[in-house]
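The primary structure of each chain is shown beneath.
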Amino acid sequence: MNTQRHEGPVLITSAAPSYQDQLAARRRRYATMMSLRIPCIVLAVLFAKIWWLALVFILLSVPLPWMAVLIANDRPPRRAEDVQRLRPSRRAILPADTGKEPR
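The model shown is predicted, which means the values in this text are computed figures rather than measured ones. (Residues numbered from 1 in each chain as written. Predicted model: local features only at pLDDT ≥ 70, side-chain atom pairs only at ≥ 80, totals over all residues. Heavy atoms only, no water.)

A. Spotlight on helix H2 (residues 51-61). If you check which residues of H2 are buried, you get Ala54, Phe57 and Ser61. One side of H2 carries all its buried residues, which in axial view fall inside an arc of 60°. For H2, the exposed residues set more than 90 degrees away from the buried face come down to Trp51, Trp52 and Leu59. Against helix H1 (19-46) and helix H3 (64-73) lie the buried residues of H2. (Buried < 20%, exposed > 50% of the residue type's maximum accessible area, 1.4 Å probe, protein only. Helix = DSSP H or I, 4+ residues; strand = E, 2+ residues; numbered from the N terminus. Arc of directions from axis to C-beta. Contact = heavy atoms within 4.5 Å.)

Structural data, given as C-alpha cells:
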C-alpha cells in the first residue's frame, strides 16, 4: 500500500480552464482578428485615390489571416506543478494538567 498517498480533497482553485472554454476563447480571438480584415480592405478601397494610405491598409490586411490562425491554434502550456492538497493543521497534544506548577 502506498503510504505517500493523502486521502484529503484536492484543491482545484488553480485548475486550468476546460478544453471547451479554451476552444471558445480561441474561436473568439480568431473571429475578432478576421473581422479586423474587412475594415482594412474597405478603408483601402475608400482611400484608393491616396495610394500610399490604401497600400498601408492592404499591407495591414495581408498578414491578418496567418496571424489569426497562429494565435487561434496556440494553446496554453500544460502545467507541471505538484498537486496542492489540503493539509489539516496539526496541533500538539499537551499533557493533562497534573496539578504541578511548571519549573
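B. Just the packing of H1 against H3, in detail. Between H1 and H3, the least distance of the axes is 8 Å, while the angle of their chain directions is 170°. The angle between H1 and H3 falls in the class roughly antiparallel. Taken together, the residues of H3 that come into contact with H1 (itself represented by Arg26, Arg29, Tyr30, Met33, Met34, Leu36 and Arg37) are Leu64, Pro65, Met67, Ala68, Val69, Ile71, Ala72 and Asn73. Residue composition of the contact of H1 with H3, by class: eleven nonpolar, one polar and three charged. (Axes fitted to C-alpha atoms, helices over the stretch in contact; angles between N-to-C directions. Parallel < 35°, antiparallel > 145°, perpendicular 65-115°, else oblique. Nonpolar A, V, L, I, M, F, W, Y, C, P; charged D, E, K, R; others polar.)

C. Layout of the packing of H1 against H2. Between H1 and H2, the shortest axis-to-axis distance is 8 Å and the interhelical angle comes to 160°. On the basis of the axis angle, H1 is roughly antiparallel to H2. Read as a crossing pair, H1 and H2 show a hand that is left-handed. Along the contact surface, H1 presents Arg37, Cys40, Ile41, Leu43 and Ala44, while H2 presents Ala54, Phe57, Ile58, Leu60 and Ser61. Here the contact of H1 with H2 is built from residues that sort into eight nonpolar, one polar and one charged. (Left-handed = near helix turned anticlockwise from the far one by under 90°.)

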